[in-house]
Amino acid sequence: MEKVLEIRGAAKRFGGVQALVDANLTLYPREIHALLGENGAGKSTLLKTLAGVHKLDAGSITLFGKEFIANGTRGSLEQGIAVIYQEPNLFPDLTLAENVFIGRQLTHGKTVAWKEMAEQSAALFKRLGVPLDPSRRARGLSIADQQIVEIAKALSLSAKVIVMDEPTAALSANETERLFGVARSLREEGAALVFVSHRLDEVMALCDRVTIMRDGATVATAPIAEVDTDKIVKWMVGRELSDLFPKMKANIGETILKVENISREGQFEDISFEVKAGEIVGIAGLVGSGRSEVIRAIFGIDNYEKGSVTFLGKKMKKNRPNQAMQDGIALVPEDRRQQGLFMPVSITRNTSITLLKGVSKFGLLRKASETGITAEWSKKMQLKFNSLEDSVDRLSGGNQQKVVLAKWLSTKPKLLIIDEPTRGIDVGTKSEVHRFLSQEATKGLGILMISSELPEVLGMSDRVLVMREGRLVAHFNADQANPENVIAAASGASK
Amino acid sequence: MRNLLRIRELPIAVVLVAFFSIAALGNHQLFSFSGLHDLLFGSSIICLLVSAETLIIVMKHIDLSIGSTIGFASYIIGKNASNGHGLLYCLLLGIIFGLAVGAVNGLLVAYFKLPSLVVTLGTLYLVRGLFNQVAGGDFINSDKVPHVLSFMASHTFAKIPYLFIVAFVLALIVGFYMRNFRSGRDLYAIGSNLPAAYLAGIKVEKRTFWAFTAAGGIAGLGGALLIARFGQAQANSGLGIELGVVAACVVGGVAIAGGIGTVFGAIIGALLLQTIVLALGALGVSQFWQGVVNGALLIAAISLDKVLSSRSQRTQIMRVSE
Amino acid sequence: MNFLTRIRSSIGWDKGVGALLVLTIVIGSLVTPDFATTSNLGFVVQDIGEIMIIALPMTFLIIAGEIDLSVASALSLVSSSIGYSFAHGVPFGWALVIGILVGLATGALNGFLVNYLGLQSLAVTIGTMGLFRGLCFVLLGSNPVNQLPDFWTGLGINNIPGTFLPWSFLLIAPLVIIALILLHFTRIGRWTFAAGISSEAANFAGIPVKRFKFFMYVATGFMVSLAAIVYTLRFASASPDSAMGYELTTIAAVLFGGVSIAGGFGTMWGVIFSVIELGAIRSVLQLVNFSSNALQIVSGSLLLFSVAVPKVAEMLKARRETRVKTPTPSLTSSRSVE
Amino acid sequence: AQANAAGLKIAIMPKAVNIGYFTAWNKGAQTACKEIKATCTYLGPTEATGPAQVQFINQVIQKKYDVLVISAADQNAIVPSLNKAKAAGIKIVTSDADVAATAASSRVVSVLPAASARIGTAEVDWIAAATGGKGKIAVLSAAATAANQNAWIAAMGPYLTSKYPNMSWVGGTVDKSTFYGDDDATKSTAQFDAILSQYPDVAGIISPTTVGVLAAAQEKKTKNASVKVTGLGLPSQMAPYIEDGTVEKVGLWNPIDLGYVAVYAGAAAKAGTFTGKVGSSFKAGKKSYSVVAGGIAYLGDPFTFDKSNIATFKAIY
Ligand SMILES: Nc1ncnc2c1ncn2[C@@H]1O[C@H](COP(=O)(O)OP(=O)(O)OP(=O)(O)O)[C@@H](O)[C@H]1O
Ligand SMILES: Nc1ncnc2c1ncn2[C@@H]1O[C@H](COP(=O)(O)OP(=O)(O)OP(=O)(O)O)[C@@H](O)[C@H]1O
Ligand SMILES: [Mg+2]
Ligand SMILES: [Mg+2]
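The structure presented is a predicted model; accordingly, all values stated were derived computationally and were not measured.

A few words on the packing of helix α8 (residues 147-154) of chain B against helix α9 (residues 162-180) of chain B. All names here are of chain B. Where α8 contacts α9, the axes come no closer than 6 Å and their chain directions differ by 100°. By the angle between their axes, α8 is roughly perpendicular relative to α9. Facing α8, whose interface residues are Phe151, Met152 and Ala153, α9 presents Tyr162, Leu163 and Val166. Across the contact of α8 with α9, the residue classes tally to 6 nonpolar, no polar and no charged.

Next comes the structure, spelled out in structure tokens:
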């Protein structure tokens, strides 16, 4: 059969990170092709080169037998490639209809045909089963709805190659099912689809073939019928899973954090739980279930309307992150690049931002003690870097995460709140981070950990809380928690 | 009805009408044709320039150089006219000059990726300095202004001043372009979410460059209106007008944060500011207090816009979650 | 690699301005004997005084990703308040205190509108610029106040006995040093940079960004009131049209000093050099009888150079390293994403 | 005897360069300089503010000029600098615009066109002639802080009441009838409109500033308004409006003479032949000028320009 697309020997380097080493991918018409791999395996990078965002350092891409011309995002669109990015890229001030058709609005002659655009996008939304109003603006849309618009945008292109980078991450079961229906009908119409997902059951249900990447290289390609999930996981991880979660035994002490009935309108309701010294409490849930919002409120980034937070016996003031920090709470946020780090600034400056009082004498910063502490922590964290004066945007994702951890652990907190501790981190670093968290817990640190990776939650936590649609819906001790009951609680499926 | 409420320009238009009516109750002169004439005539230059500035602000940039550009252009037009050149020739020179300044701004902002505030602050000084150097104490007198221009300044069509008609027609063209042409829509996309604009394959540099160039060209054309309106051109013509233009845009709902606003709204903003000036005068408010009221109203307008837009955002989220 | 980065960071624009200043002084001394004299130095110091005082907090504001266009009007309002109080029988010393309170109030108003109402600082301060200027005229109208007490105006006009330096130097020099230390050697400074690079990340790092920026505006109000006092005493009068156009001059000086309008980057050194350089170059050009038009042309060109030169250097370097597209810098620092 | 001041360095400083009025003023100054063989330099800021002028006064001190002829852009703000210049031995003559009366000691003499009262009352007479001695009138001035204008306007108030019983101020008093156009074409035009809309029955507008009267004439013409306009205007700028009847009459002294006389006063002061004391006098060209109370030398009554003589004067200044 004629190949739609063939990528051979793709390599790409970002500063210190070799994102792609030897990636290969072949697509045939009328197939849905799963692209799998651990976080940071290079999936998105590979797809972004197809989208025209990145140019490969080495390797070749052939499209319909001709050489693919890397000519920016527009070039890719014109060559018939539609891409749904992992993060939605909507224009908050434009209508949904226009977001769908941006850059290639329907026209009558030269002028934009608003009515047709609205009608066609309404039809697309309908096809996706989400009756969004095409004339509303994108600002304020939920992540799931943003993703729907992105999907509609890709559909509207009637492209030959449709690339979906984790389109279902934010979708409900219903919406996911709809999307699959659409994907199948696109396949019938002759398109080739690339589908990235971390949910293996989805992949098994939907896809025809699978390509697996690890550390920037393709490790295997096979028809779905010939593999099972165990095999896929083994390819993805390249080692036994249990290695990843070196959980040590910690002595669980007094209650340090007590959250009582806190609510924030439209985000979460009536949340109560406790964290003890030395304990790792995991919060599981689907993306969008409101976990991040809860911990933001606890740390004081956002306000909350009802309830109270007590830390070390003291009732916390709302909206005072500075106070929370001084009282001994640390927060490692989910979005490293936006929230966790000052990207264009040096490792030292990033690490010391929480410590400024400590490294000052008579109000003046002492560079020596600042560098000293940074050096000490970067050693402790086994940070890989050229110079501590290098800006953190030159570091790999994993090393960036270590900087965030260093910045917070160096404050010697009593409670560490950590949101998605290993998102976008490669396998090796991941286990280092886990080991580190475990180690700190044995020293009496209480850890509240949000994770969307089930193995991580299950492997690391002493207790698992599950959130769904802004509420705490389940609570398991480590020995009771298993993938089935956690997923059931998170997705609301009755067992 | 819901659609009507979503129009950003509506609140400010309501304020405009309300303000005008209240003021007119206190002073009947204002509510006459001559009052309306004053309003349109007095704001025609700003109304022309908001077309230029809206193009820019919508992209989340700013152009501070238009005051210098319009001033120099008016002098170029006047000087060449007094040297006996025809109107068309003079007009063309003025516009070409504006295009050139705009192109310099555009080049530096779009291709060199320099911040527009700094670039246009630089060209503000540079162009004004060159203007001063060239013009010196020279004065272009009203009898040297091309006849067509002075005719337009002193006559009306269906009671509407010609100058305003020019500004309005231009605003219609720019507004129509921004609303209905793909390349016009790109400007909104650029201002709304720049990285996404790159991903969507929008030619960001090209659009930015041409928008600045066009804005310069409009300011160049504005030179003709300026000399027509005031019957003179000299080294301080158009001095400081840029802040008034930015203020009109902001009041008219063109958000400094980019991505939002229309030329139409900016015109309403310009008319509102002019109404305030006229109304405060007509109501006998001391000129000294007018500055205070003007500043306070500007702040109130921005705050109101903020409140309204954050509320509509909130209702949208609620609608999605049900 | 490491070596290269070091070299690059050590030839920042701020040092370029310093070099330009040295160059100006050398060339100035060569082309005119009147330049490098103590009396001329005294003039230059006096001349740049108010701009220097306002440029200090403006540097903090711009690095923190904000801006204040109302400083000149606020200065005038403080000066007018002092004049008004004095003309209405308040002893001059107390009039100065009233002036400082007014200055603090102007800063608090800006700070409130920007931080607690969440309005764009550029738009807000265009509004308060008009508001404050209007209030000046409400206070003084067409009656500027003169004949201020000789003791006080003497401080504004005369030199420190036995030196060529004006008394204001005693105020300005410590302020400059404090600002320098605050920005580069204290927590406050780090917070300022952090807020400018990413106010979201700053918030997550436990920095009370809103309150901090509010305080920064209040401090700006305070500095403006000091500048207003220097101004009032130096010109021995209070007039509602004081300091016309100083806002753009100040902002231009800060930007020329290498501070990024997008926030997050810049040095106090650069700004200090820049303010002195602008004063020095004006002095040189005047002393060789360049017209004031040329001065404007030079200011504009310098401003363009100050952003273009580092950028071109960076682009050349980027061309050598990678070919990744960077988004265009835009007017404001923080991008409003969902 | 003709003063011989060869080698004298004289600085001629307008409120702002790039203004036609001061170009004419400088023309007179340069003529005088040629006659006395001094070197004159025309220098000043682009914006008419006190602080901007101060920078140039410093330059004058630094470059050790012998004489400074200056039109004060701010009657107070430049005084400290003038005092410094004086202390440095520079002879200062204010011309066209003086410093505050309380600071008269900072300069040798002020060469002004005519007594403030004369200029103010003359303008009232012109408007009365235009309106037929009846109706309400208003003033469109320069900046609220412009000292010259304020002095002239102050003289208008009582004069109108006493001399023209059938005339009155639109706002009741002269203060409440004065609008400020800040010597800016845009603002002056806007204020002219404001007068018309606030007081539709206004019969006449006096604009004692060249920018204002020009804006008023232009706006009256474009709007075809019936209000009468007069004031102080340059004949070259006002000629089109006088020729087409928009404006009947404006007045002004001769700025060329003003600059001319001021240079002579400065040179004489430097030569020590003129002290600036009340009663002392100096020669400028063929005429002699003596100093009256306040340390001022007046040129004489303002000229008036109307259809009969505008053609001649518009070619001169
Ligand atoms: N623009 C960039 N600059 C620097 N490093 C980058 C950039 N984009 C990706 N990387 C790095 O390249 C590696 C591969 O990232 P990529 O996003 O392709 O992974 P992925 O397989 O899509 O992971 P996930 O499942 O988390 O989405 C990571 O280490 C990441 O940090
Ligand atoms: N049902 C809903 N309706 C409207 N908005 C929602 C809904 N659920 C979540 N959101 C909003 O969508 C965003 C999603 O939040 P986010 O994805 O960070 O949640 P989360 O549970 O913390 O997920 P993650 O594990 O990925 O951090 C939030 O801003 C939230 O307010
Ligand atoms: Mg990815
Ligand atoms: Mg989250």
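Moving on from the coordinates now.
Going through the model one piece at a time under the given rule, you end up with 35 aromatic pairs over all chains. Their ring planes at 65° and their centres at 4.8 Å tell us that B:Phe72 and B:Phe97 sit as a pair that is edge-to-face. Taken together, the residues B:Phe72 in helix α5 (residues 66-82) and B:Phe97 in helix α6 (residues 87-111) connect sequence positions 25 residues apart. B:Phe72 gets classed as buried once you look at its relative accessible area, which sits at 8%. Between C:Trp13 and C:Phe256, the ring centres sit 6.2 Å apart and the planes meet at 70°, which makes this aromatic pair edge-to-face. In this pair, C:Trp13 sits in helix α2 (residues 13-31) while C:Phe256 sits in helix α12 (residues 246-256), placing the two residues 243 residues apart along the sequence. Like C:Phe256, C:Trp13 is buried. One aromatic cluster is present, built from ring pairs that chain together B:Phe72, B:Tyr75, B:Phe97 and B:Phe131. Looking at A:Lys380, its charged tip hangs above the ring of A:Trp377, at a distance of 4.0 Å from the centre. Positioned above the aromatic ring of B:Tyr188, the side-chain terminus of B:Arg185 is 4.6 Å from the ring centre.

Residues and elements named next belong to chain A. Near ligand 1 you find 16 residues, and of these Gly40, Lys43, Ser44, Thr45 and Gln86 are the closest. One of the side-chain N or O atoms of threonine 45 is found 2.5 Å from an oxygen atom in ligand 1. For ligand 1, an oxygen atom lies 3.4 Å from a polar atom in the side chain of glutamate 166. Alone, ligand 1 offers 640 Å² of accessible surface; in the complex the protein occludes 79% of this. Of all elements in the fold, only β2 (17-27) and α1 (43-50) reach the threshold of two or more residues within the shell around ligand 1. The biggest single contributor to the shell around ligand 1 is α1, with 3 residues.

Conventions we followed
- Residues numbered from 1 in each chain as written.
- Chains lettered and ligands numbered in written order.
- Predicted model: local features only at pLDDT ≥ 70, side-chain atom pairs only at ≥ 80, totals over all residues.
- Heavy atoms only, no water.
- Axes fitted to C-alpha atoms, helices over the stretch in contact; angles between N-to-C directions.
- Helix = DSSP H or I, 4+ residues; strand = E, 2+ residues; numbered from the N terminus.
- Parallel < 35°, antiparallel > 145°, perpendicular 65-115°, else oblique.
- Contact = heavy atoms within 4.5 Å.
- Nonpolar A, V, L, I, M, F, W, Y, C, P; charged D, E, K, R; others polar.
- Phe/Tyr/Trp six-rings, centres within 6.5 Å; stacked < 30°, edge-to-face > 60°.
- Buried < 20%, exposed > 50% of the residue type's maximum accessible area, 1.4 Å probe, protein only.
- Lys NZ or Arg CZ within 6 Å of the ring centre and 35° of its normal.
- Near = heavy atom within 4 Å.
- Polar contact = N/O pair within 3.5 Å; in protein donor to acceptor, adjacent residues only side chain to side chain.
- Areas by Shrake-Rupley, 256 points an atom, 1.4 Å probe, with all protein chains shown as cover.

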